[in-house]
Each structure stands twice: as structure tokens, then as C-alpha cells.
Amino acid sequence: MKVAGQGRQAGGTPRAALAELLAGNRRFVSGQPVHGHDVTAAAAASGDQQPYAVVLGCIDSRVPLEAIFDQTFGAICVIRTGGHVLDRAVRGSIEFVVGQLGVPLVLVLGHERCGAVGATVDALRTGERPGGSLDHLVDEIAPAVTEVGLDDPAVLALTVRRHVRRTVHTLREDDLLAEAVAAGRVAVVGGLYDLRTGEVALLEPS
Ligand SMILES: [Zn+2]
């Protein structure tokens, strides 16, 4: 069996990186993960890091990214924010991983029943922003809600998808990523996580 981590290499292709991530998700879904998270694995990866992908996902406790992709230490870089919302720190982190570590794949992973998306829909319906830095999350997700339409009966589910696509689009246009994306050296793709089955499905670009 090809094990995620063995084939990772800085400068690999986006296609190979995506295939490796999705293979890990299939191992997870089938109940046959191969990576333990003990100190032996930590020690084995304690040299220079050569991750092959960066995954940007939500903070939701039901979506632990290394677990759902069956990845071990040193394999992927993970960034998690509420509703995978971008800010300068997140974008700078992705620019670092892609630019300095040579990672060829950025995966943006949304999930159903996302609390950040729900809070944004509520804020737009009531006209009351939550305050504090939560406003940043709401402001960043609000355009996706508006594109879907607050009156749509499936506004929550559709906004999750729309927001992933918007995040992917923003990252593809990023100042330090755009050239590599255009040249095909780096791919930015979107996906959705199914809370019940554990499956990750890729979103077609739109
Ligand atoms: Zn969420």
C-alpha cells in the first residue's frame, strides 16, 4: 500500500498531491487509517519538513484535518479558522508554505452545518452584527450569503459551497500565488466534508 507521507516531496505536482490527500480520506472513511499519532511518528518526522499540501479548514471540532485525511507528522500543513475565513495571517501562512516549502497544493475544505456560516446568515437576517472580532468572520462570509440569497430555503448549504469557491478564487488571485497557479505549478482546490460519512468531495470550479 502506498502510504501518505512516503511519497511526499517538495516540488511535486498538484495532481499527485491531491491524489495522495484523497487516498488518505478513503483510508479514513473505510476505517483503515495507517497512521498512528504517537511519539514514534513524531520522531520519524523530526528532521526537515517536506509537506506536500496545505489544508485550510474550519475550527469545527468535528472536522479534525489530519485525522480525516489520515496524515502523519510532517505530511501536511493545516490552517483552521472559523468558516476557513482568510485574513493576512492566514494568507501569509499559505504564501510561506507554497513559496518557501514548495508545496504544490492548497485545499480549502468547507463542511455542512458550519456555525460560522449560520452566524452570518443570522446576522444578515436580524441586521445585528455579533461584535468583536466575530464581525470579521461575518463580513468575510456575508458576500457568499448575498450571492446565494437570504430567501433561498437552502441558504445554509448553498452558502457553504459558495464560500468555499470564493475562498478558492481569492487564493488563486493572491499576489504571491497567482503566477504559480497560472503556470500549473500550484493548484488551489475546494472541497466539502460530510460530517456523517467522513467523506471529502471535491467541488467543481465555477
Ligand atoms: Zn465550520
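What comes next concerns the included structure. Sequence order as written defines the numbering, with residues in each chain counted from 1. Local features in this predicted model are restricted to residues whose pLDDT is 70 or higher, and side-chain atom pairs enter the listing and the counts only when it is 80 or higher, whereas totals over whole chains, interfaces and linings include all residues. The side-chain numbers reported here are obtained from all heavy atoms of the structure, hydrogens and water having been left aside.

## Examining the side chain of threonine 167
For clarity, the threshold we go by: Only runs of H or I of at least four residues qualify as helices and only runs of E of at least two qualify as strands under DSSP, and these elements are numbered from the N terminus. When checking whether two residues touch, look at their non-hydrogen atoms; a contact exists if any pair is within 4.5 Å.
Mapped onto the elements, threonine 167 comes out in helix H7 (residues 155-172). Leaving out residues up to four positions away in the same chain, threonine 167 has contacts with Leu56, His84, Leu86 and Val108.

## A look at the coordination of the zinc ion
Put simply, the test is: Listed donor atoms are N, O and S within 2.8 Å of the metal (Na, K and Ca: 3.2 Å). As water is not included, a site may look incomplete. Each residue is assigned to one of three classes by its accessible area relative to the maximum for its type, calculated with a 1.4 Å probe on protein chains only: buried under 20%, partly exposed between the two thresholds, exposed over 50%.
The zinc ion binds to the protein through Cys58 (SG), His111 (NE2) and Cys114 (SG); the donor distances cover 2.1 to 2.3 Å. Binding-site remark: the zinc ion is held by donors from one chain whose sequence spacing is C-x52-H-x2-C. Judged by relative accessible area, which is 1%, histidine 111 ranks as buried.

## Things to note about the packing of helix H5 (residues 115-126) against helix H6 (residues 134-148)
Basically, it comes down to this: Axis angles are defined between N-to-C directions and span 0 to 180 degrees, where every axis is a line fitted to C-alpha atoms and, for a helix, only to the segment in contact. For this classification, under 35 degrees means roughly parallel, over 145 means roughly antiparallel, 65 to 115 means roughly perpendicular, and everything else is oblique. Residues were grouped as follows: Ala, Val, Leu, Ile, Met, Phe, Trp, Tyr, Cys and Pro as nonpolar; Asp, Glu, Lys and Arg as charged; and all remaining residues, including Gly, as polar.
One way to put it is that H5 packs onto H6 with a least axis distance of 9 Å and a crossing angle of 80°. Taken together, the axes of H5 and H6 lie roughly perpendicular to each other. Taking contact as the criterion, the partners of Ala116, Val117, Thr120, Val121, Ala123 and Leu124 in H5 are, on H6, Leu137, Val138, Ile141, Ala142 and Val145. Across the contact of H5 with H6, the residue classes break down as 10 nonpolar, 1 polar and no charged.

## A look at H6
Selection rule: By definition here, a helix of n residues has an expected span of 1.5 Å times n minus one. Note that the bend at a residue is defined as the angle between axes fitted to the seven residues ending at it and the seven residues starting at it.
With 15 residues, H6 extends 21 Å between its outermost C-alpha atoms, agreeing within 8% with the 21 Å of an ideal straight helix rising 1.5 Å per residue. At isoleucine 141, H6 shows its maximal bend, which comes to roughly 35°, and the proline proline 143 appears one to four places after that position. Along H6, the residues classified as buried are Asp135, Val138, Ile141, Ala142, Ala144, Val145 and Val148. In this fold, the buried residues of H6 make contact with H5 and H7. Of the residues flanking the end of H6, it is glycine 149, one or two places downstream, whose phi is positive at about 105°.

## Overview of the sheet that holds strand S5 (residues 200-202)
Which entries qualify depends on this criterion: Two strands qualify as a pair provided that DSSP identifies no fewer than 2 bridges between them.
Spatial strand order, S2-S1-S3-S4-S5: 5 strands in an open sheet with mixed pairing. Each of the sheet's edge strands pairs with one partner strand only, and the pair in question is strand S2 (76-81) and S5. Between one strand axis and the next, the sheet turns by 25° as a mean value, whatever way the strands run. Note that strand S1 (residues 53-58) and S2 share 6 bridges and pair parallel. The residue of S2 that forms the bridge with valine 54 is cysteine 77.

## Re the nonpolar core
Here is the rule we go by: Each nonpolar core is a collection of buried residues, namely Ala, Val, Leu, Ile, Met, Phe, Trp, Tyr and Cys, held together in the definition by side-chain atoms within 4.5 Å.
Counting residues in hydrophobic clusters, the biggest one holds 34 residues, and the most contacted among them are Val54, Leu56, Ile94, Val106 and Leu171. Those residues in contact with valine 106 that lie beyond four places of it in its chain are Val54, Ile94, Val98, Leu171, Ala187, Val188 and Val189. Judged by nonpolar contacts, the second largest core, of 20 residues, contains Leu21, Leu65, Val189 and Val200.

## Regarding the pattern of salt bridges
Opposite charge on two side chains permits them to pair, given that their charged atoms come into close proximity. Our working definition: A pairing counts as a salt bridge when a side-chain nitrogen of Lys or Arg comes within 4 Å of a carboxyl oxygen of Asp or Glu.
Enumeration according to the criterion identifies 7 salt bridges in this entry. Between aspartate 174 and arginine 91 there is a salt bridge, and its shortest N-O distance comes to 3.1 Å. One end of the pair, aspartate 174, is in the loop between H7 and helix H8 (178-182); the other, arginine 91, is in helix H4 (residues 88-101), and 83 residues separate them in sequence. Judged by relative accessible area, which is 2%, aspartate 174 ranks as buried. For arginine 162, the salt bridge identified is with glutamate 147, shortest N-O distance 3.5 Å. Taken together, the positions of arginine 162 in helix H7 and glutamate 147 in helix H6 put the pair 15 residues apart, joining distant regions of the chain. We classify glutamate 147 as partly exposed; its relative accessible area is 42%. Salt bridges linked by common partners bring Arg129, Asp135 and Asp139 together as one network.

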